[in-house]
Amino acid sequence: SSGINAEYGGCLATDEGGSSESKFKNTHTGNKKIVISNQEKCHRCEKTVYAAEKMIVLNKIFHKTCVKCNSCGKVMPAGDVLEHDDEIYCKNCHGRHFGPKGVGFGLSAATLNTGDYAKK
């Protein structure tokens with residue numbers, strides 16, 4: 001035996017006879033809508049961000065999958081993000097687009113023209 005008296009229906013039994021209708025009624029009339037306000041929106045896609053998918057990068061809220069380079073589309077961890085004109089970039093693309101000319105293309109001091117010194 002399972003220890004539950006089938007005649008009484010377990011812990012939710014009532015004193016009313018074998019009626020199949022519950023004495024527990026929902027008294028909510030349903031005439032008011034529940035409105036959730038102040039939902040946080042993703043800086044990139046502008047959709048609602050829930051706690052499980054939220055990342056704060058450069059004091060802006062993003063979905064984890066929206067933290068990606070504006071140039072190459074690479075998804076990045078928060079520590080690898082650089083910003084320019086309110087957009088986020090990976091280190092490589094930021095250096096290529098906004099760094100000193102020649103940075104990010106594999107140039108080194110050995111390949112730079114140093115004038116007359118290089119000819120001697």
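Conventions adopted
Residues numbered from 1 in each chain as written. Predicted model: local features only at pLDDT ≥ 70, side-chain atom pairs only at ≥ 80, totals over all residues. Heavy atoms only, no water. Helix = DSSP H or I, 4+ residues; strand = E, 2+ residues; numbered from the N terminus. Buried < 20%, exposed > 50% of the residue type's maximum accessible area, 1.4 Å probe, protein only. Contact = heavy atoms within 4.5 Å. Areas by Shrake-Rupley, 256 points an atom, 1.4 Å probe, with all protein chains shown as cover. Core = buried A, V, L, I, M, F, W, Y, C linked by side-chain atoms within 4.5 Å. Salt bridge = Lys/Arg side-chain N within 4 Å of Asp/Glu carboxyl O. Pairing = 2+ DSSP bridges.

**Q** Could you clarify how one ought to interpret the overall build of the protein in this entry?
**A** Looking only at helices and strands, one finds one helix and four strands in the protein. Listing each helix as α and each strand as β along the protein from the N terminus yields β-β-β-β-α. A burial count over the protein gives 16% of its 120 residues as buried. Pairs at least 24 residues apart make up 12% of the contacts formed inside the protein by residues separated by at least 6 positions. Accessible area of the protein: about 10000 Å², with a carbon and sulfur share of 52%.

**Q** Any chance you could explain the nonpolar core here in plain terms?
**A** Counting residues in each nonpolar core, the largest one holds 14 residues, and the members touching the most others are V57, F62, V67, C69, M76, V81 and I88. Among the elements of the structure, β1 (54-57) and β4 (87-89) are those that each provide at least two residues to this core.

**Q** I tried to follow unusual backbone geometry on my own but got confused; where do I start?
**A** The residue L58 is not glycine, and still its phi comes out positive at about 55°. Mapped onto the fold, L58 is located in the loop between β1 and β2 (60-63). Positioned with a positive phi, D86 is a non-glycine residue whose angle comes to about 65°. Along the chain, D86 falls in the loop between β3 (82-84) and β4.

**Q** Would you mind showing me how to read the pattern of salt bridges here?
**A** Oppositely charged side chains may form a pair once their charged atoms are brought near each other. Under the criterion given, the structure shown has four salt bridges. Salt-bridge contacts for K60 lead to E83; the nearest nitrogen and oxygen are separated by 2.7 Å. Residue K60 is located in strand β2, and its partner E83 is located in strand β3; the two are separated by 23 residues in the primary sequence. Note that K91 is salt-bridged to D80, the shortest N-O span being 4.0 Å. Separated by eleven residues along the polypeptide, K91 in helix α1 (residues 91-98) and D80 in the loop between β2 and β3 bring together distant segments of the chain. Each of K60, E83 and D86 takes part in a single network of salt bridges with overlapping partners.

**Q** Looking at this structure, how should I read the environment of A51?
**A** Of note, A51 is situated in the segment before β1. A sequence separation of twelve residues divides A51 from H63, and the C-alpha atoms of the two residues are 9.3 Å apart.

**Q** Before we go on, may I ask you to explain the pairing of β2 in this structure?
**A** Side-chain direction in a regular strand flips from residue to residue, so the side chains alternate between the two faces of the sheet. Of the strand pairs in this sheet, β1 and β2 are connected by four bridges, and their pairing is antiparallel. Across the sheet, residue K54 finds its bridge partner in β2, namely H63.

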